[in-house]
2 protein chains.
Amino acid sequence: MITREQLGQAKRLALEYFDKASIVITPEERERIEVADFGLGDLEHEGLELLTYVNTRRCCAKELVLFPYQLCPEHRHPSVDGEPGKEETFRCRWGEIYLYVPGQKTENPEAKLPAGKEKFYTVWCQIILKPGEQYTLEPDTLHWFQAGPEGAVVSEFSTRSRDELDVFTDPGIKRETEVVD
Amino acid sequence: MITREQLGQAKRLALEYFDKASIVITPEERERIEVADFGLGDLEHEGLELLTYVNTRRCCAKELVLFPYQLCPEHRHPSVDGEPGKEETFRCRWGEIYLYVPGQKTENPEAKLPAGKEKFYTVWCQIILKPGEQYTLEPDTLHWFQAGPEGAVVSEFSTRSRDELDVFTDPGIKRETEVVD
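Computed from a predicted model, the values in this text were never measured in an experiment. (Residues numbered from 1 in each chain as written. Chains lettered and ligands numbered in written order. Predicted model: local features only at pLDDT ≥ 70, side-chain atom pairs only at ≥ 80, totals over all residues. Heavy atoms only, no water.)

Undergrad: I would appreciate a short explanation of the relation of the copies chain B and chain A in the present structure.
TA: Put simply, the second copy of the chain is the first one after a rotation about an axis and a shift along it. Laying chain B over chain A is done by rotating through 180° and shifting 0.0 Å along the axis; what remains is an RMSD of 0.0 Å. Taken together, the turn and the small shift mark the pair as related by a two-fold rotation axis. When the interface residues of chain B are mapped onto chain A, 100% of them are again interface residues, pointing to one common binding face. (Least-squares fit on C-alpha atoms with pLDDT ≥ 70 in both. Contact = heavy atoms within 4.5 Å.)

Encoded structure:
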């Protein structure tokens, strides 16, 4: 869980990143930026800020903000009711992102994990995305990503998004963010 | 058809618009910007510059560039083989766009049509999109759009794109651009 103060602070900081990336959003969108702590209560290290532009039955587009070395924990998007899981393209707009997918383990990866979390990060094939670079993930592919030292702004183009169905490697994760006063 | 010189000029100008919108693209992407004259040979008035980021069986993302008052002619995306037509969200990133869809005719619309083309533009419910504003079109909806006086950069988030299946109101349109030396 996070406090209302932490939530407000993260939303304000996310707006600064949208500005750095020259991404214009409406006043209504400023209000509905989401902050995800994945129920871990350690937003600084494992967390994500996001703005969903559109999410219909067929397709979805979001902007993601990650603060310096902030990490979106390992997960996958499984098939649901016979429909293939979410297919995602991540396109880096600003900063730098380290994306990890199944495949040959990268020696000396850039990512820094919080102490004691190593067992929840199992795929280590590193893809570095700088502004203008992108990567498309097939459905149901384990992945996680972390921003570099300056943070990152990433556009996500995908099929329908149903975050509540994501399967995380860390069993302690709850996708819904709980806010306390 | 357009000449190779016109093609090169339009691609270079499109790059300037990406710069104005602070959208970073890779050297490979700079090379593959598409220029569509819709077979009309009047790129300045009816035409579109586009960069497709991703287009899979399930989803698609593009950036569109329109020069000042450049116009994407009226068309729709029909169902194909039992699959609903393309669903599109247009998000203005820079400049201004006038989008026209079915519904109550807007009095004194902003758009300017080339002389003699009025009969190929049949829907006149105007939606003005400024940076950060967006609109989602249901499949098979007639629509057309024109940039304002400064031109526009527009992100398109959609289901699979199959431009060759688009149905244009103007029977003179050919979606493939023919380039002559």
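Undergrad: Please explain unusual backbone geometry as it appears in this structure.
TA: A negative phi angle is the norm for most residues apart from glycine, just as the trans form is the norm for most peptide bonds. The phi dihedral of A:F38 is positive, around 55°, even though this residue is not glycine. Mapped onto the elements, A:F38 comes out in the loop between β2 (34-36) and β3 (48-55). Positive phi outside glycine occurs at B:Y69, with the angle close to 60°. Within the secondary structure layout, B:Y69 lies in the loop between β4 (60-66) and β5 (71-76). Accessibility expressed as a relative area gives 23% for B:Y69, which makes it partly exposed. (Helix = DSSP H or I, 4+ residues; strand = E, 2+ residues; numbered from the N terminus. Buried < 20%, exposed > 50% of the residue type's maximum accessible area, 1.4 Å probe, protein only.)

Undergrad: Help me understand the interface of chain B and chain A, please; the structure alone is not making it clear to me.
TA: Listed as interface residues are 31 residues of chain B and, on the opposing side, 31 residues of chain A. Between chain B and chain A, the buried area comes to about 2,300 Å², and carbon and sulfur atoms account for 51% of it. Measuring nitrogen to oxygen at the nearest pair gives 3.2 Å for the salt bridge that ties B:R93 to A:E63. Here chain B is connected to chain A by 17 residue pairs in polar contact (both at pLDDT 80 or more). (Buried area = accessible area lost by both parts, 1.4 Å probe. Salt bridge = Lys/Arg side-chain N within 4 Å of Asp/Glu carboxyl O. Polar contact = N/O pair within 3.5 Å; in protein donor to acceptor, adjacent residues only side chain to side chain.)

Undergrad: Sorry, what's going on with helix α1 (residues 4-20) of chain B here?
TA: In an α-helix, one turn spans 3.6 residues, which is why side chains three or four residues apart end up on the same side. Residues and elements named next belong to chain B. The end-to-end C-alpha distance of α1, which contains 17 residues, comes to 25 Å, matching closely the 24 Å that a straight helix rising 1.5 Å per residue would cover. Restricting attention to buried positions, one finds in α1 the residues L7, G8, A10, A14, L15, Y17 and F18. S22 lies just past α1 and shows a positive phi near 55°. (Expected span 1.5 Å × (residues − 1).)

Undergrad: Just to check I follow, could you spell out the side chain of A:S158 for this structure?
TA: Within the element layout of this structure, A:S158 appears in strand β9 (residues 143-158). Those residues in contact with A:S158 that lie beyond four places of it in its chain are A:C59, A:C60, A:K86, A:E87, A:E88 and B:C59.

Undergrad: Any chance you could explain the layout of surface pockets here in plain terms?
TA: Using a probe with the size of a water molecule, rolled over the atoms, empty space left in the structure can be pinpointed. There is about 310 Å³ of room inside the largest pocket. Forming the walls of the largest pocket are A:R57, A:R58, A:E83, A:P84, A:T159, A:R160, B:R57, B:R58, B:E83, B:P84, B:T159 and B:R160. Residues of the lining of the largest pocket, tallied by class, amount to two nonpolar, two polar and eight charged. Estimates place the volume of the second largest pocket at around 160 Å³. Here the residues of the lining of the second largest pocket are counted per class, giving five nonpolar, one polar and five charged. (1 Å grid on protein atoms, 1.4 Å probe; cavity = no way out; pocket = protein on both sides within 12 Å on 5 of 7 lines; lining within 4 Å. Points joined across faces, edges and corners; volume = space filled by probe spheres on them. Nonpolar A, V, L, I, M, F, W, Y, C, P; charged D, E, K, R; others polar.)

Undergrad: Sorry, what's going on with the packing of aromatic side chains here?
TA: Two descriptors summarise a pair of aromatic rings, namely the distance from one centre to the other and the angle between the planes of the rings. Here the structure, examined in full by the defined rule, presents 19 aromatic pairs over all chains. Plain terms: the ring middles of A:F157 and B:Y53 are 5.8 Å apart, the flat faces sit at 15° to each other, and that makes the pair stacked. Of the two residues, A:F157 is situated in strand β9 and B:Y53 in strand β3 (residues 48-55); the pairing between them involves two chains. The ring of B:Y17 has B:K20 sitting right over it, with the charged end atom 4.6 Å from the ring centre. (Phe/Tyr/Trp six-rings, centres within 6.5 Å; stacked < 30°, edge-to-face > 60°. Lys NZ or Arg CZ within 6 Å of the ring centre and 35° of its normal.)

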